[in-house]
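Single-letter residue listing:
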There are 2 protein chains.
Amino acid sequence: MTMVRGDIEEGRALCLDFGKLGKAAACGQDLVPVAAQDVETGEVLILAYANREAFEYAVEHGVAAFWSTSRNELWVKGATSGDVLDLVEIRVNCEQNSLLYRVRLRGKGACHTRDARGLPRRGCFYRRIEEGVLGFEERDPCFR
Amino acid sequence: MTMVRGDIEEGRALCLDFGKLGKAAACGQDLVPVAAQDVETGEVLILAYANREAFEYAVEHGVAAFWSTSRNELWVKGATSGDVLDLVEIRVNCEQNSLLYRVRLRGKGACHTRDARGLPRRGCFYRRIEEGVLGFEERDPCFR
């Protein structure tokens, strides 16, 4: 069965893409993984990647910036949608090989998908695994 | 200047290892990035990786399991230290290419490093970037 984007993003079937890291690494950039977390709610919004250029852009401009491994270009979150994530701080892990962007949402959401009301979802992790399928958690975006 | 492990983990010098993703991918496993988040505090504890084996172990046993890309083996968090992370739920992102483990700490901490009191740190993101160097945030492990 071929899954199309709508199924992957809005479906209840679990079809994890374990090929992701290999594809990300194949873009030819030196990268670290980055989690973006909403400082207001604690919600983990996005898991993405940064190279030195994206990291330095984030530090300089005070907004969450990543490296798009699919388009292989700098990805300043919200540059087109307006849903910018303002950086409150950047945390570094023990081994200095991953980052945590602690952010405030300037717009309505950080995810490119939309919920049942047609609004941008606040974060990307709106589904949980329930007995092997995916359940939606639209009402509790804060995960608390 | 060569940084040793103590400098990397306990120092104030920023020396991000942007080679991480390439090294992780080179272990030969199909992987997705995984963030582990404390459900009690909202703290992002760890950013790591999982292959299908680690993911299935986590689902089956109800504990956070990763794939150690440096040792190239299954890494059940806390298996030796006792600092197990009990899984409350697993979240999946929109594109189904990253995971969020929502966990409860069974032990004292999730990080292998120790704070000034000699106790395991709760999470790995205990330093923030401050004017190009790293500042410690031992007193506010919850990030709130």
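Please read all numbers here as calculations on a predicted model, not as lab measurements.

**Student:** Can you walk me through the overall build of chain A in this structure?
**Tutor:** The number of helices and strands found in chain A is three helices and eight strands. For chain A, the sequential pattern of α-helices and β-strands runs α-α-β-β-α-β-β-β-β-β-β. Taking 144 residues into account, the globule formula puts the C-alpha radius of gyration at 15 Å, and chain A, at 15 Å, falls close to it. Its C-alpha atoms give chain A principal-axis dimensions of about 40 × 35 × 30 Å. For chain A, the proportion of its 144 residues judged to be buried stands at 54%. Of the contacts made within chain A by residues no fewer than 6 positions apart, 44% connect residues no fewer than 24 positions apart. Looking at chain A, you have 20 positive and 22 negative side-chain charges, and the mean spots of the two groups are 3 Å apart.

**Student:** Can you walk me through the sheet that holds strand β7 (residues 127-130) of chain B in this structure?
**Tutor:** Strand order across the open sheet formed by six strands is β2(A)-β1(A)-β6(A)-β5(A)-β7(B)-β8(B), with mixed pairing between neighbours. The open sheet has two free edges, formed respectively by β2 (44-50) of chain A together with β8 (133-136) of chain B, since each of these has just one partner strand. Taken over all neighbouring pairs, the strand axes of this sheet differ in orientation by 35 degrees on average, direction set aside. Across the sheet, helix α3 (residues 52-61) of chain A is in contact with β2, β5 (85-92) and β6 (99-105) of chain A together with β7 of chain B; its angle to β6 of chain A comes to roughly 40 degrees.

**Student:** Help me understand the sheet that holds strand β6 (residues 99-105) of chain B, please; the structure alone is not making it clear to me.
**Tutor:** Sheets are built from strands that pair by backbone hydrogen bonding, the pairs being arranged parallel or antiparallel. In spatial order, the strands read β8(A)-β7(A)-β5(B)-β6(B)-β1(B)-β2(B); together these six strands make up an open sheet with mixed pairing. Single-partner strands in this sheet number two, and they are β8 (133-136) of chain A together with β2 (44-50) of chain B. Averaged over all pairs of adjacent strands, the angle between their axes in this sheet comes to 35 degrees, without regard to strand direction. Sheet analysis places strand β1 (residues 32-38) of chain B next to β6 of chain B, joined by five bridges and oriented parallel. Counted as the bridge partner of alanine 36 of chain B is tyrosine 101 of chain B from β6 of chain B. Of the strands in this sheet, β7 (127-130) of chain A together with β2, β5 (85-92) and β6 of chain B touch helix α3 (residues 52-61) of chain B, which is tilted by about 40 degrees from β6 of chain B.

**Student:** When you look at the interface of chain A and chain B in this model, what are you seeing that I'm missing?
**Tutor:** Reports of interface size often rely on the accessible area that becomes lost once the parts have come together. Across the boundary between the two partners, chain A contributes 56 residues, which contact 57 residues of chain B. Buried surface at the junction of chain A and chain B, both sides included, amounts to about 5300 Å², of which 62% is carbon and sulfur. Interface area lost by chain A to chain B is led by Phe18, Arg91 and Gln96 of chain A, which between them contribute 17%. The tally of links from chain A across to chain B stands at two salt bridges. For the side of chain A that touches chain B, the elements supplying multiple residues, two or more each, are α1 (5-10), α2 (20-25), β1 (32-38), β2, α3, β5, β6 and β7 of chain A. Where β5 of chain A meets β7 of chain B, two bridges bridge the pair, whose relative direction is antiparallel. When the bridges of β7 of chain B are listed, arginine 91 of chain A appears paired with arginine 128 of chain B.

**Student:** What should I look at first to understand the relation of the copies chain A and chain B in this one?
**Tutor:** Related by rotation about an axis and a shift along that axis, the two copies of the chain form a pair. Superposition of chain A onto chain B requires a rotation of 180 degrees combined with a translation of 0.0 Å along the rotation axis, giving an RMSD of 0.0 Å. Here the two chains are linked by the operation of a two-fold rotation axis. Relative to the rotation axis, the C-alpha of glycine 42 of chain A is the closest in chain A, positioned 2.6 Å from it. By residue overlap, the copies meet face to face through one surface: 100% of the interface positions of chain A are interface positions in chain B.

Criteria and thresholds
- Residues numbered from 1 in each chain as written.
- Chains lettered and ligands numbered in written order.
- Predicted model: local features only at pLDDT ≥ 70, side-chain atom pairs only at ≥ 80, totals over all residues.
- Heavy atoms only, no water.
- Helix = DSSP H or I, 4+ residues; strand = E, 2+ residues; numbered from the N terminus.
- Rg over C-alpha atoms; globule rule 2.2 N^0.38 Å.
- Buried < 20%, exposed > 50% of the residue type's maximum accessible area, 1.4 Å probe, protein only.
- Contact = heavy atoms within 4.5 Å.
- Lys, Arg positive; Asp, Glu negative; His and termini not counted.
- Charge placed at Lys NZ, Arg CZ, Asp CG, Glu CD.
- Pairing = 2+ DSSP bridges.
- Axes fitted to C-alpha atoms, helices over the stretch in contact; angles between N-to-C directions.
- Buried area = accessible area lost by both parts, 1.4 Å probe.
- Salt bridge = Lys/Arg side-chain N within 4 Å of Asp/Glu carboxyl O.
- Least-squares fit on C-alpha atoms with pLDDT ≥ 70 in both.

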